[in-house]
Amino acid sequence: MTTTDSGKDWLTPLLATWRGRRAWVFDQQIAIARIAAPTGNESDRAAMLQQDWRDVGHTVTQDRAGNVIARVAPTGERHRFEGSPLVCLAHLDTVFSAEQPLCVRQDGPRTYCPGISDNGRGLAAMSVLARFLRHPDVRARLQRPVELVLTVGEEGEGNLRGATQWFDDAAVRGGTPVAAVVIDGPGDRTIVHHAVGSRRWRITFTGVGGHSWANAGTPNPVHAAGACIAAIARLADAHRPFGTVAVTRMHGGEHLTGVPTQAWIDIDLRSLDPDRLGTMSGEVERLARRAARDASHTSPTQALHCAITVIGERPAGRIESRHPLVTAAESATRAVGREPQSASASTDANVPLARGIPAIAIGAGGTGRAMHTADEWYDDTGSEFGLERAIRLVAALATTDVLVR
Ligand SMILES: [Zn+2]
């Protein structure tokens, strides 16, 4: 029972409607998955969903990053939190290139298609929420505006670009949301409220190079890279399991018989703790500079140059299990007969969590595996539970005062 509504009976028939439309939701998911949306080139999929939202009556805008945005304003007398919207986000992009075939193949209960789960399922749920929030019974009960946002650039080197843009813009116009709900992939149990932060760097060592015999003693960038890798391996041992650091790619040298002019290594640092991430980053930088210095001792006038470039950065952040947003998500999970599970992940929720804005990420029903591979699949069995959980959660956050209690 909430303090602002005599009961939740108004919600029951709406939930029943969506249980009955499971096949429609799945068809929508497949239609979405069939449209390529590589990170940085999401416009075809964005256009399809923009049209879908317009068809059900929303005014839809796109920001300069390419995010698709619809704002649902309260119509009733009850709205009390005018300026602080609830925001729901789902990412448009996939890790797959434009050349990746997007064939849909059925094998038993499994539907195979790259991107069908991540984030075809989350986007299909946004089509449902767009309809749910247009319903007069819902709008009359909204206590705050709700913004639906389809983000670009969530995956890989997209670096949460779309979510970052949206939260930057919201801060500028004074519309920082009261909470953010990210809908990412399938599932009906997990609640992500710990955001794994990461930093991806390329460390490049450069020198003058020379002949391996005639110019022996010329500082060698590959030697520096090797020493740096060995030192990073020891650092990794020291920080596990609270932080991880891995050298993930390496390259160096030009000729079999030449002192190289260049070598580089890529590293991936991760932690749930922003302070540890900062400490580890500082240590890696010191190790890299020392490796360059040590490899230069034979000829200091030809000292190696060490440059660090940032390839990617995802901020860390968290809210505790007792936070009202997490407990609201747990209630919605139990209401559909599932046992909630806390989880940590890297999603669009990293952006608000790192800024102190409460945020969680949840799935939208069904099961899926092999995400980020060409063999990705999705099983729609029981998907109505996860979808209902998402609807219940959004309804609770938008139509009651559960977040300010
Ligand atoms: Zn995803």
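All values reported here derive from a predicted model rather than from experimental measurement. The residue numbering used here restarts from 1 in each chain and proceeds along that chain's sequence as written. Only residues with pLDDT of at least 70 get local features here, since the model is predicted, and only at 80 or more are side-chain atom pairs given and counted; chain-wide, interface and lining totals rely on the full set of residues. The side-chain numbers reported here are obtained from all heavy atoms of the structure, hydrogens and water having been left aside.

Participant: Account for the pairing of strand E7 (residues 179–183), naming residues and giving values.
Facilitator: In terms of burial, E7 is a largely internal element, 5 of the 5 residues being buried. Of the two faces of E7, the one carrying Ala179, Val181 and Ile183 and the one carrying Ala180 and Val182 are both buried. Bridge count for strand E3 (residues 86–91) against E7 is 4 bridges, and the pairing is parallel. Its bridge partner being in E7, Val87 is matched across the sheet by Ala180. In this scheme, strands are said to pair when DSSP sees at least two bridges between them. Numbering of helices and strands runs from the N terminus; a helix is a DSSP stretch of H or I covering at least four residues, while a strand is a stretch of E covering at least two. Pairing of E7 with strand E17 (residues 359–362), which is carried by 4 bridges, proceeds in the parallel orientation. By the bridge assignment, Ala180 is partnered in E17 with Ala359. Only protein chains enter the accessibility calculation, which uses a 1.4 Å probe. A residue is then buried if its area is under 20% of the maximum for its type, exposed if over 50%, and partly exposed in between.

Participant: Mind laying out the packing of helix H2 (residues 22–33) against helix H3 (residues 43–55), listing which residues take part and the relevant values?
Facilitator: In this analysis, axes come from line fits to C-alpha atoms, helices being fitted only over the stretch in contact, and the angle between any two N-to-C directions falls in the range 0 to 180 degrees. Here H2 crosses H3 at 150 degrees, and the two axes come no closer than 10 Å. Note on element contacts: H3 touches H2 through Arg45, Met48, Leu49 and Asp52, opposite Gln28, Ala31, Ile32 and Ala33. Charged means Asp, Glu, Lys or Arg here, nonpolar means Ala, Val, Leu, Ile, Met, Phe, Trp, Tyr, Cys or Pro, and polar covers whatever is left, Gly included. The residue inventory of the contact of H2 with H3, partitioned by class, reads 5 nonpolar, 1 polar and 2 charged. Contacts were defined at the residue level, with two residues in contact if any of their heavy atoms lie within 4.5 Å.

Participant: Describe the coordination of the zinc ion, with residues and values.
Facilitator: Under perfect tetrahedral coordination by four donors, a metal shows angles of 109.5 degrees; under perfect octahedral coordination by six donors, it shows angles of 90 or 180 degrees. Only N, O and S atoms count as donors, using a 2.8 Å limit from the metal and a wider 3.2 Å limit for Na, K and Ca, and since water is excluded some coordination spheres may look unfilled. For the zinc ion, every protein donor is listed as His91 (NE2), Asp118 (OD), Asp184 (OD) and Asp184 (OD), and the spread of their distances is 2.0 to 2.7 Å. Coordination at the zinc ion comes from 4 donor atoms whose angles at the metal span 51 to 147 degrees, giving a geometry best classed as irregular. Accessibility expressed as a relative area gives 18% for Asp184, which makes it buried. Four donors are marked tetrahedral only if all angles between them lie between 85 and 135 degrees, whereas four are marked square planar and six octahedral if opposite donors are more than 155 degrees apart and the other angles lie between 65 and 115; the remainder are marked irregular.

Participant: Give me the sheet that holds strand E5 (residues 110–112): which residues, what numbers.
Facilitator: In spatial order, the strands read E4-E5-E19-E18; together these 4 strands make up an open sheet with antiparallel pairing. Each edge of the open sheet is held by one strand with a lone partner, namely strand E4 (105–107) and strand E18 (367–369). Going from strand to strand, the sheet's axes swing by 25 degrees on average, the running direction of each strand aside. In the sheet, E4 pairs with E5 via 3 bridges, with the strands oriented antiparallel. Of the residues in E5, the one forming a bridge with Gln106 is Thr111.

Function cannot be read off these values alone, since they describe shape.
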